[in-house]
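Chain by chain, the residues:
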Amino acid sequence: MEVEISYAIDLPQVINSMNAQVFSWDHGVVNFTDNEIWFPTETSWKVIPFPSIEIVGSEISSAVINDIRKETGYFDELMVNYKKSSLFGSSHIKHSMIFAGNPQDLALIKDHLIEKIGFRANTNFEGLKEEEIKLLSLLATDTKDINAYLPLISEDRNILQRAFETLKRRDLVNESARITQQGQYYLEKTKGISNSSIGHSIPFELEPKTQIETRTVPNGLNPKDTMVQFTKKYEYSFTSGSVFLEDLWRYIMVPEIKDIGMKVSDINKPYLHMQTRSDTSIDIECENSQIIISLDRIYDAKEDIQKRLLTCLYLGIKNDYDIANTLYLEPEKLNSQLKELAIKRLIENDKTLSNNGFETIRHILTFERRVGTE
């Protein structure tokens, strides 16, 4: 299907707070195949694969709509949210594209996308039961002992099991009880949902207001502690989103890091700040401060390579390909370092940390460090 329309793509997914006049608008014939959207460029094509599309027909604020219509001359528009690249795998950096054109053309595009992508990308999430909403809210928190709070949802384990099965069926959580992108989108859209919707506030501690931080290391991380908030800024442009730890290497190359260090925001929340050699600023945040401390060790090229490698394994980054890219190591050197860790009895054959490995990590990550304030 070919449609002649105006379009703007690669927009950060914060456009409702932006002016459409800053968008880069193009006009031309866009091709919609069974698997991708093809946008013409001066020398080739830019392709957006359907699997990267998440939401079709997202809401646009009135202010931005007025600017779109003023800029394009059309009075109908369609916004589609998508992941920047299908190569992002389990992580996601969200972007948007906007089509502006004749109403019949946009209706044709919307129907085509929904037909090819399926209803999953347009679920309005209505009809969730109270216990399902509460369970989803609970799974989205950084709570270490989920089981301790399940009775606040329901004392009936069958009800809880049915609620979990419903969330899985609707692709709001996965088999490991990790909230999915759909689940995150749902919670973003239902702004009233928070920890208090569970009936009681789930306790958590803010970081000490002192600039001295002391940490101890547990013998393992909660499976939910695998995602961080990633923000990359360069001059007036920025990209942000949620990224799984094993995919951070897709956005950070160790040789490009000029400066790295932990900082504390104005709400006493620690985060990792990097400055690249091209003057790009990178911030990484996570509710679990231990993740931030670990990443500080991993991405500091001055640290001992075995300590960095052991910390990778501690965070659950175990695939050789991901480890090599995260640490910027040649495969041969990675293999030799893994063998040494095994000989020292710091890791098992499946790359899990041994008891000695956990004690070493405890020594590596337990520290007192001064951190800057934002």
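For the structure itself, look to the data block above.
Residues numbered from 1 in each chain as written. Predicted model: local features only at pLDDT ≥ 70, side-chain atom pairs only at ≥ 80, totals over all residues. Heavy atoms only, no water.

**Remarks on the overall build of the protein**
Secondary structure assignment for the protein yields 10 helices and 15 strands. In the protein, which comprises 374 residues, the share counted as buried stands at 48%. When the accessible surface of the protein is summed, it comes to about 19,500 Å², and 48% of that surface belongs to carbon and sulfur atoms. (Helix = DSSP H or I, 4+ residues; strand = E, 2+ residues; numbered from the N terminus. Buried < 20%, exposed > 50% of the residue type's maximum accessible area, 1.4 Å probe, protein only. Areas by Shrake-Rupley, 256 points an atom, 1.4 Å probe, with all protein chains shown as cover.)

**Looking at helix H9 (residues 331-343)**
Taking 1.5 Å of rise per residue, 13 residues should cover 18 Å, and H9 covers 18 Å from first to last C-alpha, within 8% of that figure. All of the buried residues along H9 are Leu334, Gln337, Leu338 and Leu341. When H9 is viewed along its axis, its buried side chains cluster within an angular range of 100° and face the same direction. Among the exposed residues of H9, those oriented more than 90 degrees off its buried face are Glu332, Lys339 and Ile343. (Expected span 1.5 Å × (residues − 1). Arc of directions from axis to C-beta.)

**Thoughts on the side chain of Gln337**
With respect to the helices and strands, Gln337 occurs in helix H9. A residue is classified by how much of its surface remains accessible, and Gln337, at 10% relative accessible area, is buried. Engagement of the side chain of Gln337 in a polar contact is seen with the side chain of Gln306, the distance being 3.0 Å. If we ignore the near neighbours within four places in the chain, the residues touching Gln337 are Ile305, Gln306 and Leu309. (Polar contact = N/O pair within 3.5 Å; in protein donor to acceptor, adjacent residues only side chain to side chain. Contact = heavy atoms within 4.5 Å.)

**Re the pattern of salt bridges**
Enumeration over the complete set of coordinates arrives at 7 salt bridges. Between Glu359 and Arg362 there is a salt bridge, with the nearest N and O atoms lying 3.6 Å from each other. Within this pair, Glu359 and its partner Arg362 are both found in helix H10 (residues 355-365), separated by 3 residues, close to a single helical turn. In this structure, a network of salt bridges that share partners links the residues Asp296, Arg297 and Glu303. (Salt bridge = Lys/Arg side-chain N within 4 Å of Asp/Glu carboxyl O.)

**Description of the packing of helix H8 (residues 320-327) against H9**
The N-to-C vectors of H8 and H9 enclose an angle of 105°; their axes lie 10 Å apart at closest approach. One finds that H8 runs roughly perpendicular with respect to H9. Together, Asp320, Ile323 and Ala324 of H8 and Leu334, Asn335 and Leu338 of H9 make up the contact between the two elements. In terms of residue class, the contact of H8 with H9 is built from 4 nonpolar, 1 polar and 1 charged. (Axes fitted to C-alpha atoms, helices over the stretch in contact; angles between N-to-C directions. Parallel < 35°, antiparallel > 145°, perpendicular 65-115°, else oblique. Nonpolar A, V, L, I, M, F, W, Y, C, P; charged D, E, K, R; others polar.)

**Some remarks on unusual backbone geometry**
In this structure, Asp10 takes a positive phi of about 60° despite not being glycine. For Asp10, the position within the fold is in strand S1 (residues 2-12).

**Some thoughts on the packing of helix H7 (residues 305-314) against H8**
Running from N to C, H7 and H8 point in directions that differ by 135°, and their axes come no closer than 11 Å. One way to sum up the angle between H7 and H8 is to call them oblique. Our pair here, H7 against H8, has a crossing hand that is right-handed. Residues Ile305, Arg308, Leu309, Cys312 and Leu313 of H7 form the contact with H8, whose participating residues are Ile323, Thr326 and Leu327. Taken together, the residues of the contact of H7 with H8 sort by class into 6 nonpolar, 1 polar and 1 charged. (Left-handed = near helix turned anticlockwise from the far one by under 90°.)

**Focus: the environment of Trp25**
Along the chain, Trp25 turns up in the loop between S1 and strand S2 (26-32). Along the sequence, Trp25 and Ser6 sit 19 residues apart, while their C-alpha atoms lie 6.7 Å from each other. Trp25 has contacts with Ser6, Tyr7, Ala8, Ala20, Ile68, Glu71, Thr72, Ile98 and Ala100, leaving out every residue within four places of it along the chain.

**Let's talk about the packing of aromatic side chains**
Counted by the stated rule, this structure contains 7 aromatic pairs. Between Trp38 and Trp45, the aromatic rings sit 5.9 Å apart at their centres with planes inclined by 75°, giving edge-to-face as the arrangement. Where Phe230 meets Tyr251, the ring centres are 5.1 Å apart and the plane angle is 40°; that geometry is what we call tilted. Of this pair, Phe230 sits in strand S9 (residues 227-234) while Tyr251 sits in the loop between strand S10 (237-244) and strand S11 (257-264), and the two are 21 residues apart along the sequence. Here Phe230 and Tyr251 have matching classes, each one buried. Put simply, the rings of Tyr7, Phe32, Phe39 and Phe99 touch in pairs and so form one group of aromatic residues. (Phe/Tyr/Trp six-rings, centres within 6.5 Å; stacked < 30°, edge-to-face > 60°.)

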